[in-house]
Amino acid sequence: MKIFISSLISGLEAERAAAKRAIELLRHEAVMAEDFGAQARSPQIACLTGLRQSDLVVLVLGTRYGAKQASGLSATHEEYREARGRKPILTFIQQGEAEPDQAALIDEAGAWESGLFRAAFSTPDELRDLVTRALHDYGLAHASAPLDPSALARRAQELLPESGHGRSSGVALHLAVAAGPEATVLRPAELETPTLGEEMEQRALFGNTALFDRRVGTETRLQSGSLICFQERSYNARAEIRLWGTGDVRFILPAREEEERGGMGLPVVIEEAVASRLAAALGYTAWLLNHIDPTERITHVALAAALIGEGAMGWRTRSEHAASPTSGSFDAFGREREREAPVMLAPPHRVRAALSMDARRIVEDLVVLLRRRWKEPGGHDL
């Protein structure tokens, strides 16, 4: 692996050298700012480029924060922000009283529940041993099933139904979360355990990421090697959570709230409703993966989303619809295949912790992509 060492350089020369020795002892390649040499690009750009091209980040946080860049952050803080959600991070914290800005960075890094490794050290030799052990454990965990980002993204898309299949009379949000590296997380007997279905139902109904309507009956059953919790709503819209033994999850959720279908207004997809369902589904997935895979064999996820169904004439915000409930712009019928095509983030995969720590940004980006897909040229005025 290419392993980027991120830390303040001045004052941590011995610690950086110790981390490099540990990396090279295990026959990996250390990527360090000191080795970049003269480049036309700024040191900041060179470091961030080196980080992006690496497979893993060793983050060494001393007691000093360092000089602030144009962004208002230190170079190490910028590197951490760039890596978070994109690269596995192994964090090592030097014991001692940290400067206020550095203490804030340490707290920020601590709040990111990467599930990999975090340790404190006092001496360079102790840091070398900790880095060696952490890299060894990381290598063992990924030796049998290395992550294949392309296959992960492809699997997320394959979890969604093809355009024209699974369409209901209402518009439904389909969200697929593929888990990787691909492996069996739940044995068939574990997937069939009654308590698992009961816990999934309870969380879907009463958790802080509730997805189901408490007024509607809920069923759970095994089907084609997956466990399904679902509701058949009175207005012919299905709500479903499907879990596979690989840890893959798929959601089918009504994109419009029931009350928004009544009255004299046009049937439309409300942007805030889509965002709310996406946020709840991401939170539910984070809980479910922690529940079925507490040792975090699953390290990454890829997401694919689509709006599938009929009966909605356009996409609006709540305020837009309230201002003009019976007139405005709407999408032409017959464009279902175009607007039902799935959308994905770029890159499609994220570290597992992003489901909780970066949920807001993921939701924002998916909503924008879905809106663009829905509102591509072809609409008319009513």
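See above for the structure.
Here is a short report on the structure shown in this document. Computed from a predicted structure; not experimentally measured.

This part covers the pairing of strand S9 (residues 238-244). Both faces of the sheet carry side chains from a regular strand, because those side chains alternate between them. Among the seven residues of S9, five are classified as buried, and the element is accordingly described as predominantly covered. With seven bridges joining them, strand S8 (residues 226-232) and S9 adopt antiparallel strand pairing. By the bridge assignment, Cys229 is partnered in S9 with Ile241. As paired strands, S9 and strand S10 (residues 249-254) are joined by four bridges and run antiparallel to one another.

In this structure, the largest pocket occupies an estimated 480 Å³ of space. Residue lining of the largest pocket: 23 residues in total, with Asp55, Pro88, Tyr138, Leu147 and His300 positioned closest to the centre. When contributions to the lining of the largest pocket are tallied by element, the ones reaching two or more residues are helix H2 (43-52), helix H5 (124-143) and strand S15 (343-351). When grouped by side-chain class, the residues that make up the lining of the largest pocket number ten nonpolar, seven polar and six charged.

This part takes up the sheet that holds strand S3 (residues 56-61). Here five strands make up an open sheet; going across it, the order is S2-S1-S3-S4-S5 and the pairing parallel. The two strands at the open ends of the sheet, each matched to only one other strand, are strand S2 (29-31) and strand S5 (117-121). Looking at each pair of strands side by side, their axes are set apart by 20 degrees on average, direction ignored. As paired strands, S3 and strand S4 (residues 89-94) are joined by five bridges and run parallel to one another. Bridge assignment links Val60 to a residue of S4, and that residue is Phe92. Contacts from helix H3 (residues 75-83) reach strand S1 (2-6), S3 and S4 within the one sheet, and its direction differs from that of S3 by about 145 degrees.

Our focus in this paragraph is the pattern of salt bridges. Side chains that differ in charge, positive against negative, can pair when their charged atoms come close. Here the structure, examined in full by the defined rule, presents 21 salt bridges. Between Arg52 and Glu82 there is a salt bridge, and its shortest N-O distance comes to 2.9 Å. You can see Arg52 sitting in helix H2 and its partner Glu82 sitting in helix H3, a full 30 residues away along the chain. Exposure remark for Arg52: the relative accessible area of 42% places this residue in the partly exposed category. Put simply, Arg361 and Asp358 hold a salt bridge, and the shortest N to O gap is 2.7 Å. Asp358 sits in the buried class, given a relative accessible area of 9%. Among the ionic contacts, a cluster of salt bridges with common partners joins Arg81, Arg84, Glu108, Asp358 and Arg361.

Parameters at a glance
Residue numbers restart at each chain and count upward from 1, following the sequence in its written direction. Note on the predicted model: pLDDT of at least 70 is required for a residue's local features to be given, and 80 or more for side-chain atom pairs to be given and counted; whole-chain, interface and lining totals, by contrast, use all residues. Remark: hydrogens and water are excluded; side-chain values derive from all non-hydrogen atoms of the structure. Each residue gets one of three labels from its accessible area relative to the maximum for its type: buried under 20%, exposed over 50%, partly exposed in between, using a 1.4 Å probe on protein chains only. Secondary structure is summarised from DSSP: a helix means a run of H or I of at least four residues, a strand means a run of E of at least two, and numbering begins at the N terminus for each. When DSSP finds two or more bridges between a pair of strands, those strands are recorded as paired. A cavity, in this analysis, means grid points on a 1 Å lattice covering only the protein atoms where a 1.4 Å probe fits yet has no way out; a pocket is instead an open set bounded by protein on both sides within 12 Å along at least five of seven lines, and a residue lines either one if it has an atom within 4 Å of a point. Grid points are joined across faces, edges and corners, and a volume is the space filled by probe spheres set on the points. Residues are grouped as follows: Ala, Val, Leu, Ile, Met, Phe, Trp, Tyr, Cys and Pro are nonpolar; Asp, Glu, Lys and Arg are charged; all remaining types, including Gly, are polar. A fitted line through C-alpha atoms serves as each axis, taken over the contacting stretch for helices, and the angle formed by two N-to-C directions is quoted from 0 to 180°. We call two residues in contact when some of their heavy atoms are within 4.5 Å. Between Lys or Arg on one side and Asp or Glu on the other, a salt bridge is scored when a side-chain nitrogen of the former is within 4 Å of a carboxyl oxygen of the latter.

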